[in-house]
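Survey of secondary and tertiary structure
Read off the chains here:
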Amino acid sequence: MKKAVTIGTFDGVHRGHRLVLDTLKREAQSRGLQPVAITFDRHPLELVAPNRAPGNLMSTERKAEMIRREGVEPLVLPFTEQLRSMRAYEWLDYIHRKYDVDLLVAGYDNTFGSDGIDMSIADYKAMGEAIGIDVISAPEEEGVSSSAVRKAVKVGDIKNATLLLGHSPELEGRVAPGFHIGHEIGFPTANLQISSRMVMPSSGVYAALAFIENSENGYPAMVNIGYRPTFEGTPKESTHLTVEAHIIGTKEELYGKAVRLELLDRLRDEKKFSSVDELVEQLERDREETLLKVESKEVESGE
């Protein structure tokens, strides 16, 4: 089947991305084409200039899943040196022949091809006409970009990140053994190993929903991101940033399992308490506030 495509990194699948995907679906339907989003297994800068590559808002697998949920088929291509070196005309000709592309919907700031950085939509239209691809542009969701989302997440501004994304910012990781501190004080936690490529929120305590092994059912979770300062100077202090989630309502064995966190709000800064008892008292308050945040989200979404 002939295809209508859009091309981009789609990191976060934010509101601007979904506006492009909506345009793609509408145009594809009117022309009897299959809508496809061509994206990549990594940000191009990871190959081109690794020191300037931004962190990721979600994994490639999660990105593909969210694109599919929008009613568009994702096509994830490895971003290789060969792909990087293609000129814009070569790239358009390649997707026309390889994937039977008849229509390209370009985002407002979309560029492609090793020589495409200074090209305009008019240039792409002219090349497309010569090749047999109709090139059109999608409208812009002003002020919304993956860069803006990353900035909000990094400072822990979960509300603004959610507004830009149109959904909660996320963290994904696999549960690994920890120091069992939470279990000892009545708040067992899942110690998540997060990819170093992910954008990390600032240190603090967050309310979240936890999804275990891609389950559709989320559990309330209070998440501590930081260095466990209360245990500084003890064998249980942390010398690196940790992500520990106290998942409420499940006794499932979690070691080795993948957990996805949807961050709902930042509750407070991480702080050093004068005693473990004082820490426990604060954790009890954090748990109550987390349950309220989750209840509020469920009311808003009609669940």
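In this report, we go over the structure that sits alongside the text.

Cut-offs applied
- Here the residue index of a chain counts from 1 through its sequence in written order.
- Thresholds applied to this predicted model are a pLDDT of at least 70 for local features of residues and 80 or more for the giving and counting of side-chain atom pairs; totals over whole chains, interfaces and linings are not thresholded and use all residues.
- Derived side-chain values reflect all non-hydrogen atoms in the structure, with water molecules and hydrogen atoms excluded from consideration.
- Under this scheme, a helix contributes an axis fitted over its contacting stretch, all axes are lines through C-alpha atoms, and angles between N-to-C directions fall in the 0 to 180 degree range.
- Starting at the N terminus, helices and strands are each numbered in turn, a helix being any DSSP run of H or I of at least four residues and a strand any DSSP run of E of at least two.
- Angles below 35 degrees are treated as roughly parallel, those above 145 as roughly antiparallel, those between 65 and 115 as roughly perpendicular, and all remaining angles as oblique.
- Each crossing gets its handedness from the near helix: less than a right angle anticlockwise from the far helix is left-handed, clockwise is right-handed.
- What makes two residues a contact is simply this: any of their non-hydrogen atoms within 4.5 Å.
- Under the scheme applied here, ten amino acids are nonpolar (Ala, Val, Leu, Ile, Met, Phe, Trp, Tyr, Cys and Pro), four are charged (Asp, Glu, Lys and Arg), and all others, including Gly, are polar.
- Buriedness of a pocket was judged along seven lines, with at least five required to meet protein on both sides within 12 Å; pockets are open sets of points on a 1 Å grid over the protein atoms alone, cavities are sets where a 1.4 Å probe fits but cannot get out, and lining residues have an atom within 4 Å of a point.
- Grid points are joined across faces, edges and corners, and a volume is the space filled by probe spheres set on the points.
- Each patch is built from salt-bridge-free residues with over 30% relative accessible area, joining like charges within 9 Å and nonpolar side chains (Val, Leu, Ile, Met, Phe, Trp, Tyr) within 5 Å.
- Working definition of accessibility: Shrake-Rupley area with a 1.4 Å probe, residue cover restricted to the visible protein chains.
- Basic side-chain nitrogens of Lys or Arg form a salt bridge, by our definition, when they fall within 4 Å of a carboxyl oxygen of Asp or Glu.
- His residues and chain termini do not enter the charge count, which takes Lys and Arg as positive and Asp and Glu as negative.
- By convention, charge coordinates are those of NZ in Lys, CZ in Arg, CG in Asp, or CD in Glu.
- In this analysis, rings of Phe, Tyr and Trp, with Trp reduced to its six-membered ring, are considered paired at centre separations within 6.5 Å, and the interplanar angle assigns stacked below 30 degrees, edge-to-face beyond 60, and tilted for intermediate values.
- Only protein chains enter the accessibility calculation, which uses a 1.4 Å probe; a residue is then buried when its area is under 20% of its type maximum, exposed when over 50%, and partly exposed in between.
- Whether a charge lies above a ring is judged from NZ of Lys or CZ of Arg, which has to be within 6 Å of the ring centre and within 35 degrees of the ring normal.
- At least two bridges found by DSSP between two strands are what make those strands a pair.

1. What to know about the packing of helix H5 (residues 88-99) against helix H6 (residues 121-131)
- H6 packs onto H5 with a crossing angle of 45° between their chain directions and a minimal axis gap of 10 Å. In this view, H5 runs oblique relative to H6, as classed from their interaxial angle. When the axes of H5 and H6 are compared, the crossing they make is right-handed. Each of Ala88, Tyr89, Leu92, Asp93 and His96 in H5 lies in contact with H6, whose residues at this interface are Tyr124, Met127, Gly128, Ala130 and Ile131.
- In the contact of H5 with H6, the residues fall into seven nonpolar, two polar and one charged.

2. Some points on empty space enclosed by the protein
- In this structure the tally under the stated criterion is one cavity of 30 Å³ or more.
- There is about 60 Å³ of room inside the largest cavity.
- Gly12, Leu57, Met58, Val149, Val153, Leu165, His167, Ser168, Pro169, Glu170 and Val199 together form the lining of the largest cavity.
- Counted by class, the lining of the largest cavity contains seven nonpolar, three polar and one charged residues.

3. Here's the deal with a negative patch on the surface
- Taken together, Asp277, Glu281, Glu284 and Glu288 make up a surface patch of like negative charges.
- For Glu288, the position within the fold is in helix H10 (residues 276-301).

4. Section: the packing of aromatic side chains
- Evaluation of the coordinates by the stated rule reveals four aromatic pairs.
- Ring centres of Phe40 and Phe79 lie 5.5 Å apart, and the angle between their planes is 80°; on these two criteria the pair is classed as edge-to-face. Here Phe40, found in strand E2 (residues 34-40), pairs with Phe79, found in the loop between strand E3 (73-77) and helix H4 (81-85); they are 39 residues apart in sequence, far enough to count as distant.
- Phe40 sits in the buried class, given a relative accessible area of 9%.
- Relative accessible area serves as the criterion here: at 9%, Phe79 is assigned to the buried category.
- When the ring of Trp91 is compared with that of Tyr94, the centres are 6.0 Å apart and the planes differ by 25°; the resulting orientation is stacked. Here Trp91 and its partner Tyr94 are both found in helix H5, three residues apart, which amounts to about one turn of the helix.
- Using a relative accessible area of 4% as the deciding quantity, one classes Trp91 as buried.
- Every member of this aromatic cluster is reached through a ring pair, and the members are Trp91, Tyr94 and Tyr99.
- Stacked on the ring of Phe211, the Lys or Arg Arg260 has its end atom at 4.4 Å from the ring centre.

5. Considerations on the pairing of strand E6 (residues 170-176)
- Extensive coverage of E6 is indicated by the burial of five of its seven residues.
- Sheet topology places E6 next to strand E11 (residues 258-268); five bridges connect them, and they run antiparallel. By the bridge assignment for E11, Glu170 is matched with Glu262.
- Here E6 runs beside strand E7 (residues 190-194); their pairing, made up of four bridges, is antiparallel. Its bridge partner lying in E7, Gly173 is registered against Ile194.

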